[in-house]
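Descriptive structure summary
Single-letter residue listing:
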Amino acid sequence: MSKRAMAKAVQQRTLKTRAKLLDAAQAVISESGYEAMRVEEVVLRAGVAKGTFFSHFKDKDALMDQLIGAEIDRHLDGIEALDAPTSIAEMANAMMPLITFMTCERYVFDVILRHSGAAANADIGPIAMTFGRHAEVVTKWLWDKPFRKDISAELQAEGVQAFMVQAISLMFCSLHNSVSPRERLETYLTAWLMPTA
């Protein structure tokens, strides 16, 4: 077998093992939730050694970056397929499935916050990439829509994203959780996006 063929066979095995780990993690999460998922259970279900897990993922957080990032991307696919909203209520409605996922567990939101930015280009992971994608989708929504015209659609989209994160954060705050994320988001977006007289 040539070196090239051997390298390709190793690469195929690596991809299959990684897919087995991701599938096993998804199965555990569907039964127990994100926070309760343990590496030991994932490797047991995948039928691999614990060392194999750590050759694919630095730690549980790195695995969560992959899984949660993929789920955010799935929600962004749905958002992107929608017609651009023409009102604040439509925009909030469009974002609610994503917000519902992001708030399914406090742990999930904590992971999202930890991985939403990157200190260096090498650190840009799936969750950080979804924040860029979310801003792009919202920017497209805001072009030529009945919202404010005094700032760019890009800046408006950054504000929408920031207010969405703030609305979610306050849901987990015992001092401020009496208002739903949707209501809070609509209030923020009305103040941010609607033109003033």
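Residues numbered from 1 in each chain as written. Predicted model: local features only at pLDDT ≥ 70, side-chain atom pairs only at ≥ 80, totals over all residues. Heavy atoms only, no water.

**Examining the overall build of the chain**
- From N to C terminus, the chain includes 9 helices and 0 strands.
- Mapped in sequence order, the helices and strands of the chain form the string α-α-α-α-α-α-α-α-α.
- The principal-axis extent of the C-alpha atoms belonging to the chain is close to 75 × 40 × 30 Å.
- When burial is assessed residue by residue, the chain has 40% of its 197 residues classed as buried.
- Once local pairs closer than 6 in sequence are excluded, the contacts in the chain between residues at least 24 apart make up 66%.
- For the chain, the distance from the average site of its 22 positive side-chain charges to the average site of its 24 negative ones is 9 Å. (Helix = DSSP H or I, 4+ residues; strand = E, 2+ residues; numbered from the N terminus. Buried < 20%, exposed > 50% of the residue type's maximum accessible area, 1.4 Å probe, protein only. Contact = heavy atoms within 4.5 Å. Lys, Arg positive; Asp, Glu negative; His and termini not counted. Charge placed at Lys NZ, Arg CZ, Asp CG, Glu CD.)

**Considerations on the environment of W192**
- By the secondary structure assignment, W192 is in helix α9 (residues 181–193).
- With residues up to four places along the chain from it excluded, the contact list for W192 reads R148, I151, L155, Q156, G159, V160 and F163.
- Within the structure, W192 has its side chain in polar contact with the backbone oxygen of Q156 (distance 3.0 Å). (Polar contact = N/O pair within 3.5 Å; in protein donor to acceptor, adjacent residues only side chain to side chain.)

**Comments concerning the packing of aromatic side chains**
- Evaluation of the coordinates by the stated rule reveals 6 aromatic pairs.
- Arranged with centres 5.1 Å apart and planes meeting at 85 degrees, the rings of F53 and F54 form a pair that is edge-to-face.
- Classification of F53 by relative accessible area gives buried; the value is 0%.
- Of the aromatic side chains, those joined through ring pairs into one cluster are F53, F54 and F57.
- Above the plane of the ring of Y107 lies K60, whose end atom (NZ or CZ) is 4.9 Å from the centre.
- Above the plane of the ring of W192 lies R148, whose end atom (NZ or CZ) is 5.0 Å from the centre. (Phe/Tyr/Trp six-rings, centres within 6.5 Å; stacked < 30°, edge-to-face > 60°. Lys NZ or Arg CZ within 6 Å of the ring centre and 35° of its normal.)

**What about the packing of helix α8 (residues 153–171) against α9?**
- Across the interface, α8 lies against α9 with an axial gap of 9 Å and an inter-helix angle of 150 degrees. Classed by the angle they form, the pair α8 and α9 counts as roughly antiparallel. Note that α8 runs across α9; the crossing there is right-handed. For the pair α8 and α9, the contacting residues are L155, Q156, G159, V160, F163, M164, Q166, A167, L170 and M171 in the first and P181, R184, L185, Y188, L189, W192 and L193 in the second.
- Grouping the amino acids of the contact of α8 with α9 by side-chain chemistry returns 13 nonpolar, 3 polar and 1 charged. (Axes fitted to C-alpha atoms, helices over the stretch in contact; angles between N-to-C directions. Parallel < 35°, antiparallel > 145°, perpendicular 65-115°, else oblique. Left-handed = near helix turned anticlockwise from the far one by under 90°. Nonpolar A, V, L, I, M, F, W, Y, C, P; charged D, E, K, R; others polar.)

**Thoughts on the state of the cysteines**
- Scanning the model with the defined rule gives 0 disulfides in all.
- The structure places no disulfide on C104, whose sulfur is separated from the nearest cysteine sulfur, that of C173, by 19 Å.
- For C104, a relative accessible area of 40% translates into the label partly exposed. (Disulfide = S-S within 2.5 Å.)

**Examining the nonpolar core**
- Grouped together as the largest cluster of nonpolar side chains are 54 residues, with contacts concentrated most on I68, M91 and M95.
- Elements supplying a minimum of two residues to this core: α1 (3–32), α2 (39–46), α4 (60–81), α5 (88–102), α6 (106–115), α7 (126–142), α8 and α9.
- In terms of residue count, the dominant contributor to this core is α5 (9 residues).
- For I68, the contacting residues outside a window of four places in its chain are Y34, F101, V108, V111, I112 and I127. (Core = buried A, V, L, I, M, F, W, Y, C linked by side-chain atoms within 4.5 Å.)

**Overview of α2**
- Three or more residues of α2 are buried, namely V39, V42, V43 and A46. The buried side chains of α2 occupy one side of the element, clustering within an arc of 95 degrees when seen end-on. (Arc of directions from axis to C-beta.)

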